[in-house]
Amino acid sequence: MTAEIVPLPRKGPEASIEPMLELTAAGMNQVNQVILDRMQSEVPLIPALAGHLISGGGKRLRPMLTLAGAELVGYSGTRHHKLAAAVEFIHTATLLHDDVVDGSDLRRGKAAANIIFGNPATVLVGDFLFSRSFELMTEDGSLKVLKILSGASAIIAEGEVDQLTAQRKIETSEERYLHIIRAKTAALFAAASRIAAVVAECSDEEEQALDEYGRNLGVAFQLVDDALDYDSDAAAMGKDRGDDFREGKMTLPVILAYARGDEREREFWKAAIAGFRTSEDDLDEAIMLIERHNAVADTKARARHFAQRAIDALSIFPDGKARRAMTQAALFAVSRGY
């Protein structure tokens, strides 16, 4: 049984990330300086490898959520700059480890770090960045912040292991898939948003609202990422099209297409997810089947549902520049093509 897909209409002006970029520009300059300073090491390979990914053109959405949340609640201090950098280090470390696990060739449109520097160095530099993130957390001095971010780090690792154990298992349900992406992606979105309310000493209600905003945004973001694997080319996404297909990942487009397919189609999916049909022709057939059953469109509709839940979570805050920018970020997350 799959969960109901709710194709909610998109409201407001055309979605754009620009309001979020404008809102957080000054703060991101400070965050980027912290990142640059803390990725340095007397071991030259560490800044070289870390810099390869950190300077690779990512949107830095997660640290921006911390800065935007601080703007939303009227925080005027500077603690959130180091914490936003810690969030980015956690994210970057997980990307480095993910590329080794997945054997990825591309990341953000260029060769993945593991291809250039090798798997051992990539894993160890990921460990270094995790360590740097915890240094930044402890320097902040808040046990609550430390608990939130360290807890998110553990949940992310659990999610990645859960995804690994679900890999190449055609029987993976939509419920388990959503559980995985809530852990491996949404947990850090939630933590990044929530810590802004913690440093500002907001009410429990405001703290929970920011957590819900980030958590639902993270689910929406990952749903769109998984849809794009069957809906866009590598140049647009900055990664190989069909990565999830070749790796046997049971993402929502596949789960829906398999559930809706006839016996012949299901036999194809069983062979493909098991790793026996992974050629370019097989990928083309997979995309054709997914299109036949509207699986990409329905995955994006599901993403819009979670984006709307993220937007709704902001309703307790007064209207203003920060709230509008965060609303636009949620709409952008589900309308993007990369």
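Rules used in this analysis
- Residues numbered from 1 in each chain as written.
- Predicted model: local features only at pLDDT ≥ 70, side-chain atom pairs only at ≥ 80, totals over all residues.
- Heavy atoms only, no water.
- Helix = DSSP H or I, 4+ residues; strand = E, 2+ residues; numbered from the N terminus.
- Rg over C-alpha atoms; globule rule 2.2 N^0.38 Å.
- Buried < 20%, exposed > 50% of the residue type's maximum accessible area, 1.4 Å probe, protein only.
- Lys, Arg positive; Asp, Glu negative; His and termini not counted.
- Salt bridge = Lys/Arg side-chain N within 4 Å of Asp/Glu carboxyl O.
- Polar contact = N/O pair within 3.5 Å; in protein donor to acceptor, adjacent residues only side chain to side chain.
- Contact = heavy atoms within 4.5 Å.
- pLDDT = per-residue confidence, 0-100.
- Phe/Tyr/Trp six-rings, centres within 6.5 Å; stacked < 30°, edge-to-face > 60°.
- Lys NZ or Arg CZ within 6 Å of the ring centre and 35° of its normal.
- Axes fitted to C-alpha atoms, helices over the stretch in contact; angles between N-to-C directions.
- Parallel < 35°, antiparallel > 145°, perpendicular 65-115°, else oblique.
- Left-handed = near helix turned anticlockwise from the far one by under 90°.
- Nonpolar A, V, L, I, M, F, W, Y, C, P; charged D, E, K, R; others polar.

## Structural notes on the overall build of the chain
1) Next: Secondary structure summary: the chain contains 16 helices and two strands in total.
2) Next: For the chain, whose C-alpha radius of gyration is 20 Å, the value lies close to the compact-globule estimate of 20 Å for 338 residues.
3) Next: Counting only C-alpha atoms and orienting by the principal axes, one finds that the chain spans roughly 60 × 50 × 30 Å.
4) Next: Here the chain holds 338 residues, and 56% of them are scored as buried.

## Some remarks on the side chain of Asp-226
1) Next: Summarising the element assignment, Asp-226 is placed in helix α9 (residues 204-228).
2) Next: Buried charged residue Asp-226 carries no salt bridge. Nearest counter-charge: Lys-184, at 5.7 Å.
3) Next: There is a polar contact of 2.5 Å between the side chain of Asp-226 and the side chain of Tyr-177.
4) Next: The contact partners of Asp-226, leaving out residues within four places of it in the chain, are Tyr-177, Ile-181, Asp-244, Thr-251 and Pro-253.

## Re the confidence of the model for the chain
1) Next: Summing up the model confidence of the chain, the mean pLDDT is 91 and the portion of residues at 70 or higher is 92%.
2) Next: In the model, residues 1-13 has pLDDT below 50 throughout and makes 25 contacts with residues more than four positions away in sequence or in other chains.

## What to know about the side chain of Thr-172
1) Next: Inspection of the secondary structure assignment puts Thr-172 in the loop between α7 (143-166) and α8 (174-199).
2) Next: A polar atom in the side chain of Thr-172 sits 3.5 Å from the backbone oxygen of Ala-166.
3) Next: Excluding anything up to four places from it in sequence, Thr-172 contacts Ala-166, Tyr-177, Met-250 and Ile-255.

## Concerning the packing of aromatic side chains
The geometry of an aromatic ring pair is captured by the separation of the ring centres together with the interplanar angle, meaning the angle of the planes.
1) Next: According to the stated counting rule, one finds two aromatic pairs in the structure shown.
2) Next: With a centroid separation of 5.5 Å and an interplanar angle of 45°, the aromatic rings of Phe-189 and Phe-221 are classed as tilted. Taken together, the residues span a long stretch of sequence, with Phe-189 in helix α8 and Phe-221 in helix α9 at a distance of 32 residues. For the pair Phe-189 and Phe-221, one class covers both residues: buried.
3) Next: On the numbers, 5.3 Å between centres and 65° between planes, the contact of Phe-268 with Trp-269 is edge-to-face.
4) Next: A relative accessible area of 0% means that Trp-269 is categorised as buried.
5) Next: Positioned over the ring face of Tyr-258 is Arg-266, at 5.0 Å from the centre of the ring.
6) Next: Taking the ring centre of Phe-221 as reference, the NZ or CZ of Arg-336 above it sits at 3.8 Å.

## Concerning the packing of helix α3 (residues 61-72) against α9
1) Next: Direction vectors running N to C along α3 and α9 enclose 150°, while the axes themselves pass 12 Å from each other. By the angle between their directions, the pair α3 and α9 is classed as roughly antiparallel. As for how α3 packs across α9, the hand of that crossing is right-handed. Only Leu-210, Tyr-213, Leu-217 and Phe-221 of α9 make contact with α3, whose side of the interface consists of Leu-61, Arg-62, Leu-65, Gly-69 and Leu-72.
2) Next: Taken together, the residues that form the contact of α3 with α9 break down as seven nonpolar, one polar and one charged.

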